[in-house]
Amino acid sequence: MNTINTISFVVALVVGLVGGFLLRVFAARRRVEAADMEAKRLVADATMQIDRQRREAELEAKARELKAREVQEKERQEKQRELLELEKRLLSREEGLEKRFELLNGRENEIKRSEQSAADRRKALEERDQTLQRTIEEARQKLEQVGGLTVQEAKKELIESVTEEARLEAAKLLRQIDEETKTESERRAQHIIALSIERMASDTVSERSVSTVPLPNEEMKGRIIGREGRNIRALEAITGVEIVIDDSPDTVSISCFNPIRREIARRTLTELLRDGRIHPARIEEAVAKMTKDVNASIKEAGEQAVLELGLHRVHPELVKLMGALKYRYSYAQNVLQHSIDVGFLCGMMAVELGMSQKLARRAGFLHDVGKAVTHEVEGSHALIGMDLCRKYGERDDIYHAVGAHHEDIQQDTALDCLVAASDALSGARPGARREVLETYMKRLEDLEKVTTDFKGVEKAYAIQAGREIRVMVKHHEVNDAQAVLLSKDIARKIEADLTYPGQIKVTVIRETRAVEYAK
């Protein structure tokens, strides 16, 4: 019985084990099937996500490509617009030159006609004189035969009669010729004066960028530098200048293109040396005081110049800007004094030409006002000055004359020519402008050398004392589009490598010549 129970238990155990195994196998198969289905689902989801990402990437790439094309098209249109504007300006200038040439030809023809008319009148007078001589001779012979007068008496009577008649005719003719000659000479004189003035060239300006301050002794250099350089750093940071302490005995140099900052720094350093207390707090206090003093000096100088020229209702900001030119120099010439001289010269010339003296003085005085802000504003000082005069309410002819005195814009009126001529006359007086020849030549050589380093450049010429560089390129290596890019690259290179006031105009010239011989 026990054996049967044992066998039954074993059988039941075996059946249970087999059943459990079969259940686990079935469950495992179900999990495997479920895993396969999940894997297939994941693969399908991944495939869909990859397709979606690929489509998004393609759309994004197309969008970027479209945007790049739009940017490229805008750049092309901008360059085309610039070329069209340049072409219009060139055509306008060419038309102006043609009109001027035609005007000169017309004036020349008028002069030739006047000369021919005078020659004809002179010939007529000579013929009339010969006729009178013959008449006198005939009358003398008749009087001798009929009147029984002596030759001397007859000659005297006849001469008196004929002379009176000839005097009356000559007086009429001379009056007519005198009136015509006077009218023509006045018109021609005004034209010649205006034309000669227009052709006068003005000097290129440079400027002083360094001031020196004498020291009582060499020990003061150490006090100016301060502990670990704190004093000199504070002075440079507050004033915006560069303090140069070198081996020069008992001298400190202050370098800065802005003359106002340089003057403030010079006065500050002089005050600190006089006072003897040199530390950052004292430096800041001295700079504030000297800034106030310099601003007052600028205002006073501008008002004095306006008063000296007898000008009225000049905007206070223009007065302040003109006063700031007290601290700026063109070579050895003070720009404020130069502006006053130009104002007086322009007024004198205007009186001779029958123009308004006050208007001419005002235009001549303001012609260099742009130089007061050329260190803060980019561009030609003539055009900057024109914008300032327009901004502060000056008349159209005034600010146009200011902008045209270096031919940055076309000179259209006699006032434009007068301002340009007065500027040239003031700068041309002996000792007004000078520069060491070696420095001048070195500046031009550096400018030309920077330009000739570019590929395709054949020759380069610095003209107008370094205000313009003209670059001749090889036409088979540089096309028209590359010439535009080359001019920009040269300008960037000049900005990076050279130090100069104002601006330098870069002109790239590409020329193609076709030559053939007829045999």
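What counts and how
Residues numbered from 1 in each chain as written. Predicted model: local features only at pLDDT ≥ 70, side-chain atom pairs only at ≥ 80, totals over all residues. Heavy atoms only, no water. Helix = DSSP H or I, 4+ residues; strand = E, 2+ residues; numbered from the N terminus. Salt bridge = Lys/Arg side-chain N within 4 Å of Asp/Glu carboxyl O. Buried < 20%, exposed > 50% of the residue type's maximum accessible area, 1.4 Å probe, protein only. Pairing = 2+ DSSP bridges. Axes fitted to C-alpha atoms, helices over the stretch in contact; angles between N-to-C directions. Contact = heavy atoms within 4.5 Å.

*Asks:* Mind showing me how you'd approach unusual backbone geometry here?
*Replies:* Trans peptide bonds make up the majority, and among non-glycine residues the majority have a negative phi. Phi angles above zero are rare outside glycine, and Arg313 is one such case at about 55°. Within the element layout of this structure, Arg313 appears in the loop between helix H6 (280-309) and helix H7 (316-324).

*Asks:* What should I look at first to understand the pattern of salt bridges in this one?
*Replies:* Any two side chains of opposite charge can pair, given that their charged atoms come close. Throughout the structure, instances matching the rule amount to 22 salt bridges. With its nearest N and O atoms 2.7 Å apart, the salt bridge here joins Glu65 to Arg69. In this pair, Glu65 and Arg69 both sit in helix H1 (residues 2-147), four residues apart, roughly one turn of the helix. Its relative accessible area of 53% is what places Arg69 among the exposed residues. Shared partners join several salt bridges into a network, and the residues in it are Glu271, Arg274, Arg282 and Glu285.

*Asks:* Mind showing me how you'd approach the sheet that holds strand S8 (residues 505-510) here?
*Replies:* Two modes of strand pairing occur in sheets, parallel and antiparallel, and in both the strands are linked by backbone hydrogen bonds. Taken in spatial order, the three strands make up an open sheet running S6-S7-S8, and their pairing is mixed. Only two strands of the sheet have a single partner each, and these edge strands are strand S6 (457-463) and S8. When strand polarity is set aside, the average angle formed by the axes of neighbouring strands in this sheet is 20°. Pairing between strand S7 (residues 468-473) and S8: six bridges, direction parallel. Note on S8: the bridge partner recorded for Glu468 is Lys505. The sheet contacts of helix H14 (residues 480-497) involve S6, S7 and S8, and relative to S8 the element is tilted by about 150°.

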